[in-house]
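Okay, here's what each chain looks like letter by letter:
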Amino acid sequence: MPMEIPRTLKVLWGLEERRNRGPQPALTLDRIVATAIEIADRDGLAALSMARLAERLGSAPMSLYRHVASKDELLVFMQDAAPGEPPMLPPGWRAGLGTWARALQAVYYRHPWILQASAGRPPLEPGQIAWLDRGLSVFDGTPLTSRERFQAVMATLYYVRGEAQIFAVLLGGEADMADDAYGALIGSLVTADRFPALAVAIADGLFAPEVEDVTFETGLSRLFDGIELLVSAKN
């Protein structure tokens, strides 16, 4: 039995026309999605409701349903639009994947709600698939198999998502802490008798502000070193 494709994906992939009914031609799906992204960026996903979105757009809530059937549908359209076009990449898999990873990090920093909305499922929207395709393209000309290329891109994606998730928690959590505040707090709680390895790392300046900004690049470099071993072994 063929899998039923959700209406949202049919619209995004051009398999079904967008809804465009009603007396308000200025209220388009693109405008609805853009405004919803603005709300989620500023106030978080929990603050986004169809009622608030309609108020922001200056329309009746029922007018939105001429374009999107539910908030769940809206979230799919938002996840497709928010990342934008993937970046053009320099030659060489390492430089290209590095550029891709930093651009993806910037997307998550601008739109941290994506981490929540897309948790637990693979990308299906063409906007997100375009990023996957661009990431895979960095391995053109290498001896890696298609599966190995996919695994390398996914490992990079998971690394970027994990780092961005920590960043989002630090800046958007109940404590509303910046990185240096988190380091100070964790340093006051961790003791050498209970967490000896972490205590040593903190004493060595693990959360010091001057090294915090290189943590992402250091981890990315180590990840790429592992991929480099795989590429070299197959040459």
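Residue positions are given per chain, counted from 1 along the sequence in the order it is written. For a predicted model such as this one, the threshold for reporting local features is a pLDDT of at least 70, and the threshold for listing and counting side-chain atom pairs is 80 or more; totals across whole chains, interfaces and linings nevertheless cover every residue. Calculation of side-chain values draws on the structure's entire complement of heavy atoms; hydrogens and water are dropped beforehand.

The name given to the protein chain in an unreviewed UniProt entry is AcrR family transcriptional regulator, with the source organism recorded as Actinoplanes lobatus.

Turning our eyes to something else, we now look at the UniProt feature "DNA-binding region" (unreviewed entry) in the protein chain. UniProt positions are given in the numbering used here, feature names are shortened, and annotations may be inferred rather than shown by experiment. Cross-referencing UniProt, the feature "DNA-binding region" (unreviewed entry) maps to residues 49–68 in the present numbering. Structurally, residues 49–68 comprises 60% helix and 0% strand, and the distance from its first C-alpha atom to its last is 13 Å. By the criteria applied, helices consist of DSSP H or I runs no shorter than four residues and strands consist of E runs no shorter than two, each listed in order from the N terminus.

Counting 51 residues, the largest nonpolar core has L53, L74, M78, L97 and F139 as its most contacted members. Among the elements that line this core, the one with the most residues is helix α6 (residues 93–110), at 8 residues. The residues that make up this core include at least three from each of domain 1 (7–82) and domain 2 (93–172 + 205–233). Here, residues are in contact when the closest pair of their heavy atoms is within 4.5 Å. Those residues in contact with M78 that lie beyond four places of it in its chain are V33, A36, I37, A40, L48, P83 and W113. Here, the term nonpolar core denotes a set of buried Ala, Val, Leu, Ile, Met, Phe, Trp, Tyr and Cys residues that are joined through side-chain atoms within 4.5 Å. Three exposure classes are used, based on accessible area relative to the maximum for each residue type with a 1.4 Å probe and protein chains only: buried under 20%, partly exposed in between, and exposed over 50%. Marked domain ranges trace back to an automatic or database domain assignment.

What pLDDT reports is the predictor's confidence in each residue, on a scale of 0 through 100. This prediction gives the protein chain a mean pLDDT of 85; 84% of its residues lie at or above 70. Mean pLDDT across the secondary structure elements of the protein chain bottoms out at helix α12 (residues 209–212), with 51, and peaks at α6, with 96.

The subject of this paragraph is a nonpolar patch on the surface. A contiguous nonpolar patch, built from I5, W13 and L15 and spanning about 310 Å² of accessible area, is present on the exposed surface. Among the secondary structure elements, L15 is positioned in the loop between α1 (7–12) and α2 (29–43). Patch membership is restricted to residues that have no salt bridge and whose relative accessible area is over 30%. Joining uses 9 Å for like charges and 5 Å for the nonpolar side chains Val, Leu, Ile, Met, Phe, Trp and Tyr. Areas reported here follow the Shrake-Rupley algorithm with a probe of radius 1.4 Å; residue values treat only the protein chains shown as occluding. Any carboxyl oxygen of Asp or Glu that lies within 4 Å of a side-chain nitrogen of Lys or Arg is treated as forming a salt bridge with it.

Attention shifts here to the packing of α2 against helix α3 (residues 50–57). The geometry of a pair of packed helices is captured by two quantities: the angle between their axes and the separation between those axes. It is the contact of α2 with α3, at a shortest axis distance of 10 Å, that shows an interaxial angle of 110°. By the angle class used here, α2 and α3 are roughly perpendicular. Seen from above, α2 lies across α3 with right-handed handedness. Listed contacts from α3 to R31, I32, T35, A36, E38, I39, R42 and D43 of α2 are R52, L53, R56 and L57. In terms of residue class, the contact of α2 with α3 is built from 5 nonpolar, 1 polar and 6 charged. Between the N-to-C directions of two axes lies an angle of 0 to 180 degrees, each axis being a line fitted to C-alpha atoms and, for a helix, fitted only over the stretch in contact. Just so you know how the angles are binned, under 35 degrees is roughly parallel, over 145 roughly antiparallel, 65 to 115 roughly perpendicular, and the rest oblique. Crossing chirality is assigned from the near helix's rotation relative to the far helix, an anticlockwise turn below a right angle marking it left-handed and a clockwise turn marking it right-handed. Residues are sorted three ways: Asp, Glu, Lys and Arg are charged, Ala, Val, Leu, Ile, Met, Phe, Trp, Tyr, Cys and Pro are nonpolar, and all the rest, Gly among them, are polar.

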